[in-house]
Every structure is written in C-alpha cells, then in structure tokens.
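Reading the structure
Listed below, chain by chain, are the residues.
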Amino acid sequence: QDPRLHGIKTKIRVVPNFPKSGIMFQDITTLLLDPKAFKDTIDLFVERYKGKNISVVAGIEARGFIFGPPIALAIGAKFVPLRKPRKLPGKVISQEYILEYGRDCLEMHVGAVEPGERALVVDDLIATGGTLCAAMDLLERVGAEVVECACVIELPELKGRERLNGKPLYVLVEYAEI
Ligand code: PRP
Ligand code: MG
C-alpha cells in the first residue's frame with residue numbers, strides 16, 4: 001500500500017452524530033488544512049489517471065468541486081460541474097436520485113460534454129452510491145464514456161459499490177465503522 005495513504009486517512013476527521021444522530025460524518029476539511037496530505041491526495045489520483053486519455057473530469061457539487069479541478073488541471077482535462085438543481089444558467093439535463101429520505105437531483109449543462117468523450121467522475125465520498133449513479137447517468141445520456149469513478153473515502157458497509165453496475169470505483173480510504 002502506498003505510504004501516503006496512512007497520512008491521508010489520519011487527516012480525515014470523523015465527527016459522530018453529525019448532521020444527525022447515528023451518522024459518523026467524514027470531514028475532509030481537516031485534510032484540506034494539511035498541504036502535504038491534500039497534495040498527496042491529488043497526486044495519487046493524478047498518477048492513476050494521467051496518460052489515460054481522459055478529456056473530462058466531472059465533479060459533484062459540493063465536495064467534488066474541491067478535488068475535481070486540481071485533478072483536471074494536472075491531467076489536462078476540462079472540468080464540468082454537476083450541480084444541484086437551478087444553479088446552472090444554461091440549458092441543462094437533470095437526473096433525479098433517491099436519498100435515504102426523499103430525493104435529490106444533479107444537473108449538467110448541455111454541450112459541456114460531447115459524445116464519445118472519456119470521463120472521470122470525482123466526489124469526496126461514496127456512501128449508498130446514489131449520487132455517483134446519477135452523475136454517471138448524466139454523462140452516459142450525452143454519449144460520454146465513464147472510465148471510472150474516483151472518491152477519497154468509501155463507506156463499504158453501505159454497499160454503494162454494488163450499485164454502480166460494474167463501473168470501476170477507485171477510492172483512497174475505506175472507513176469501516178459507520
Ligand atoms: C455527500 C457526499 C457525496 C454523497 C454520497 O454529499 O459528499 O456527494 O453525499 O452519498 P451517497 O453515496 O449515499 O449518494 P451531500 O449530498 O451531503 O452534499 P455536499 O457534497 O453538497 O455536502
Ligand atoms: Mg457531496
């Protein structure tokens with residue numbers, strides 16, 4: 001295992017009972033406070049994806065906007081924000097997804113991604129996998145090929161990986177006690 005991973009994991013703060021009772025919140029803001037650990041995080045993704053002919057990095061609002069852009073710049077890809085509803089001013093396509101309670105939605109600008117482009121989806125964390133599924137659906141609906149999904153943290157007990165229909169998922173850190 002890469003020696004940088006341990007340092008990254010120790011910088012992620014676990015906050016019990018946030019935002020509600022029973023949730024162990026994985027707080028990446030403490031990782032961002034450590035320039036070495038933040039750089040190691042980006043470098044690990046860049047080392048994996050550079051030279052893979054990826055032309056678009058799609059980042060998921062909000063926390064995917066922190067990790068996606070530096071990866072995109074370093075591998076020479078464009079960055080496309082996948083936003084919560086009614087934030088994007090142009091024509092959009094929308095994809096609803098189911099949350100533990102209720103629904104949410106992601107939107108992408110029409111024309112931001114061309115058919116046949118090779119895309120990487122970036123977010124901070126996979127829990128149930130619903131958010132990543134919606135992101136992949138948006139990209140595939142416009143004819144892009146999702147090469148992989150990349151997250152800093154996986155909560156394996158929630159089995160989100162199984163919801164991704166076999167699409168590869170790369171994570172740096174697993175957190176076992178949810
Ligand atoms: C969190 C997290 C992921 C998503 C994972 O985002 O940042 O995007 O949940 O959950 P899932 O795998 O069960 O879909 P959240 O929607 O809380 O919003 P934020 O990123 O804007 O803080
Ligand atoms: Mg999020």
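Predicted model, so just to flag it, every value in this text is computed and none were measured.

**So, the environment of Val56**
By secondary structure assignment, the location of Val56 is in strand E3 (residues 56-60). According to the relative accessible area criterion, Val56 is buried, its value standing at 0%. Sequence spacing of Val56 and Val146 is 90 residues, and the spatial spacing of their C-alpha atoms is 9.5 Å.

**Here we look at the packing of helix H1 (residues 4-11) against helix H3 (residues 35-49)**
Contact pair H1 / H3: the axes reach a minimum separation of 9 Å and the direction vectors enclose 130°. When the interaxial angle is binned, H1 and H3 end up oblique. The crossing of H1 and H3 is left-handed. For the pair H1 and H3, the contacting residues are Arg4, Leu5, Gly7, Ile8 and Lys11 in the first and Lys36, Ala37, Asp40, Thr41, Asp43, Leu44 and Glu47 in the second. Looking at the contact of H1 with H3 residue by residue, the classes come out as four nonpolar, two polar and six charged.

**A closer look at H3**
The end-to-end C-alpha separation of H3 is 21 Å, in line with the 21 Å expected for 15 residues at 1.5 Å each. Of all the positions in H3, only Ala37, Asp40, Thr41, Ile42, Leu44, Phe45, Val46 and Tyr49 are classed as buried. Among the structural elements, H1, helix H2 (29-32), helix H4 (64-75), strand E7 (118-126), strand E8 (145-154) and strand E9 (169-174) are those in contact with the buried residues of H3. You can read the cap of H3 off the contacts: a side-chain oxygen lies 3.1 Å from the backbone nitrogen of Lys36, and it is on Asp34. Two residues or fewer after H3 comes Gly51, characterised by a positive phi angle close to 75°.

**Digging into the side chain of Gln95**
Within the secondary structure, Gln95 is located in strand E5 (residues 92-98). For Gln95, a relative accessible area of 18% puts it in the buried group. Among the polar contacts listed, one links the side chain of Gln95 to the side chain of Arg141, at a separation of 2.8 Å. With sequence-adjacent residues up to four places away left out, Gln95 is seen in contact with Asp104, Cys105, Leu106, Ala134, Asp137, Leu138 and Arg141.

**Observations regarding the site of ligand 1**
With respect to spatial proximity, 13 residues lie near ligand 1, and among them Asp123, Asp124, Thr128, Gly129 and Thr131 are the closest. In the model, an oxygen atom of ligand 1 is placed 3.0 Å from a nitrogen or oxygen of the Arg63 side chain. Here ligand 1, which alone exposes 500 Å², has 76% of that area covered by the protein. The cavity that encloses ligand 1 is the largest pocket. Going through the elements one at a time, E7 and helix H5 (130-141) are the ones with two or more residues in the shell around ligand 1. For the shell around ligand 1, the residue count by class is four nonpolar, four polar and five charged.

Parameters at a glance
Residues numbered from 1 in each chain as written. Chains lettered and ligands numbered in written order. Predicted model: local features only at pLDDT ≥ 70, side-chain atom pairs only at ≥ 80, totals over all residues. Heavy atoms only, no water. Helix = DSSP H or I, 4+ residues; strand = E, 2+ residues; numbered from the N terminus. Buried < 20%, exposed > 50% of the residue type's maximum accessible area, 1.4 Å probe, protein only. Axes fitted to C-alpha atoms, helices over the stretch in contact; angles between N-to-C directions. Parallel < 35°, antiparallel > 145°, perpendicular 65-115°, else oblique. Left-handed = near helix turned anticlockwise from the far one by under 90°. Contact = heavy atoms within 4.5 Å. Nonpolar A, V, L, I, M, F, W, Y, C, P; charged D, E, K, R; others polar. Expected span 1.5 Å × (residues − 1). Polar contact = N/O pair within 3.5 Å; in protein donor to acceptor, adjacent residues only side chain to side chain. Near = heavy atom within 4 Å. Areas by Shrake-Rupley, 256 points an atom, 1.4 Å probe, with all protein chains shown as cover. 1 Å grid on protein atoms, 1.4 Å probe; cavity = no way out; pocket = protein on both sides within 12 Å on 5 of 7 lines; lining within 4 Å. Sits in = over half its atoms within 2 Å of the grid points.

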